[in-house]
Amino acid sequence: MPEISASAFAADFFHIQEELEKIRESGARSIHVDVMDGHFVPLFGFNQPWIRQMIEWDSMCGDIHLMAKLNDKLIKDFLELPIQRLTVHVEAAEAEILKTYLIQICEAGVEAGLAISPWTQVEKLKGFLPYVNEILIMSCNPGTEGAVFQEQTYERIRNVHNMLESEKTACRIAVDGGLDEERALLCIKNGAERVIIGRAFLRSDDRKGMVKRVREASFGNL
C-alpha cells in the first residue's frame, strides 16, 4: 500500500511543534527530516540535538535524510540516535566507502535508504541494491531553495522499478522534492511506494484526506 510522509523542513519554524502535530494528526506514516551540510547541498538543515528532541517527542521523526558529504563520524553520530531509517546519497562518497556505510546502517538495525539526485544516472544505483531497503528518487535538486519539480522523475521511477525487477531486489521506491498531491499520485502510478510531500501537505486543509487518497492509490484506479 502506498504511503505518505511529510517533510519537517517545510514547516513554519516559528510554530514547529504545531506544524509537527498537524503531520501526526493527519495519519502520515512518518516525518521526513532533512540534514544538510551547506557543502553537498547549498542549504543547512536539522542537526543531531534537534533531531534527538524531535524523536523524544515522537518516534515518527526518525526518518533521516542526509544531504551531506559522508564521513565515519557523521554516520556514527546518527546511528547513535534512535532512528528508523537513514538515507544517504549515492553521490556523497566513493563506491567502496558508501557500501561500507550502508552495511553499517543495516547492521545497526536501521533501514538503509539510498537517494539519487536528478542529474545522476540511475545505473549508478545498481552495485548498492543488495545493501538498501529503499531507493529515494529526488524529484528536484536537493537542498536548493526554490528548486522545481523535474518532469523526467516519472521516467526515472519506471527505470528504477525495472532495474529492481531485473535484479530481483526487494527494495521500495520513494520520491521526494516539489511534490503536491497530483504529482505524488502520478509518482505512485509509475511505481513509487512512498511519497514525501512538504509545503503542499502542510498548507492543505485536507491533510487526512490526502493521506487516505494516497494510501488508496493503485495502478488500476488512478
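Cut-offs applied
- Residues numbered from 1 in each chain as written.
- Predicted model: local features only at pLDDT ≥ 70, side-chain atom pairs only at ≥ 80, totals over all residues.
- Heavy atoms only, no water.
- Helix = DSSP H or I, 4+ residues; strand = E, 2+ residues; numbered from the N terminus.
- Rg over C-alpha atoms; globule rule 2.2 N^0.38 Å.
- Buried < 20%, exposed > 50% of the residue type's maximum accessible area, 1.4 Å probe, protein only.
- Areas by Shrake-Rupley, 256 points an atom, 1.4 Å probe, with all protein chains shown as cover.
- Lys, Arg positive; Asp, Glu negative; His and termini not counted.
- Charge placed at Lys NZ, Arg CZ, Asp CG, Glu CD.
- Axes fitted to C-alpha atoms, helices over the stretch in contact; angles between N-to-C directions.
- Parallel < 35°, antiparallel > 145°, perpendicular 65-115°, else oblique.
- Left-handed = near helix turned anticlockwise from the far one by under 90°.
- Contact = heavy atoms within 4.5 Å.
- Nonpolar A, V, L, I, M, F, W, Y, C, P; charged D, E, K, R; others polar.
- Phe/Tyr/Trp six-rings, centres within 6.5 Å; stacked < 30°, edge-to-face > 60°.
- Pairing = 2+ DSSP bridges.

Draft legend 1. Looking closely at the overall build of the protein. In terms of regular secondary structure, the protein is built from eight helices and eight strands. Against the 2.2 N^0.38 benchmark of 17 Å for 222 residues, the protein shows a C-alpha radius of gyration of 16 Å, consistent with a compact globule. Each of the three principal axes of the protein carries a C-alpha extent, and together these read 45 × 40 × 30 Å. For the protein, the residues scored as buried account for 53% of the 222 residues in total. When the accessible area of the protein is evaluated, it comes to approximately 10,400 Å², of which 50% is carbon and sulfur surface. Positive and negative side-chain charges in the protein, numbering 25 and 34 respectively, have mean positions lying 2 Å apart.

Draft legend 2. Spatial organisation of the packing of helix α6 (residues 181–189) against helix α8 (residues 207–216). Packing of α6 against α8 brings their axes to within 10 Å, and their N-to-C directions diverge by 15 degrees. The angle between the axes of α6 and α8 places the two elements in the roughly parallel class. Two packed elements cross with a definite hand, and for α6 against α8 that hand is right-handed. Judged by residue contacts, E181, L185 and I188 of α6 engage M210, R213 and V214 from α8. Classifying every residue of the contact of α6 with α8 gives four nonpolar, no polar and two charged.

Draft legend 3. Local environment of the side chain of S117. One can find S117 in the loop between β5 (111–116) and β6 (134–138). By relative accessible area, S117 is classed as buried at 0%. Apart from the residues lying within four places of it in its own chain, the contact partners of S117 are H89, E91, M138, P142 and R156.

Draft legend 4. Representation of the packing of aromatic side chains within the structure. Within this structure, the stated rule accounts for four aromatic pairs. On the numbers, 5.7 Å between centres and 40 degrees between planes, the contact of F13 with F46 is tilted. Linking F13 in the loop between β1 (3–7) and α1 (16–26) with F46 in the loop between β2 (30–36) and α2 (48–57), this pair joins segments that are 33 residues apart in sequence. A residue is classified by how much of its surface remains accessible, and F46, at 4% relative accessible area, is buried.

Draft legend 5. The arrangement of the sheet that holds β1 in detail. The strand order β1-β2-β3-β4-β5-β6-β7-β8 describes a closed barrel built from eight strands, whose pairing is parallel. When strand polarity is set aside, the average angle formed by the axes of neighbouring strands in this sheet is 25 degrees. Sheet topology note: the strand β3 (residues 63–67)/strand β4 (residues 85–89) ladder contains three bridges and is parallel. Looking at the pairing, I64 lines up with L86 of β4.

Draft legend 6. Broad picture of the environment of L179. Positionally, L179 belongs in the loop between β7 (172–176) and α6. When its relative accessible area of 6% is taken as the criterion, L179 is described as buried. Separated by 18 residues in sequence, L179 and I197 place their C-alpha atoms 5.4 Å apart. Setting aside residues up to four positions removed in sequence, L179 forms contacts with S139, F149, A184, C187, V195, I196, I197 and A200.

Take it as geometry only, folks, not as evidence of what the structure does.
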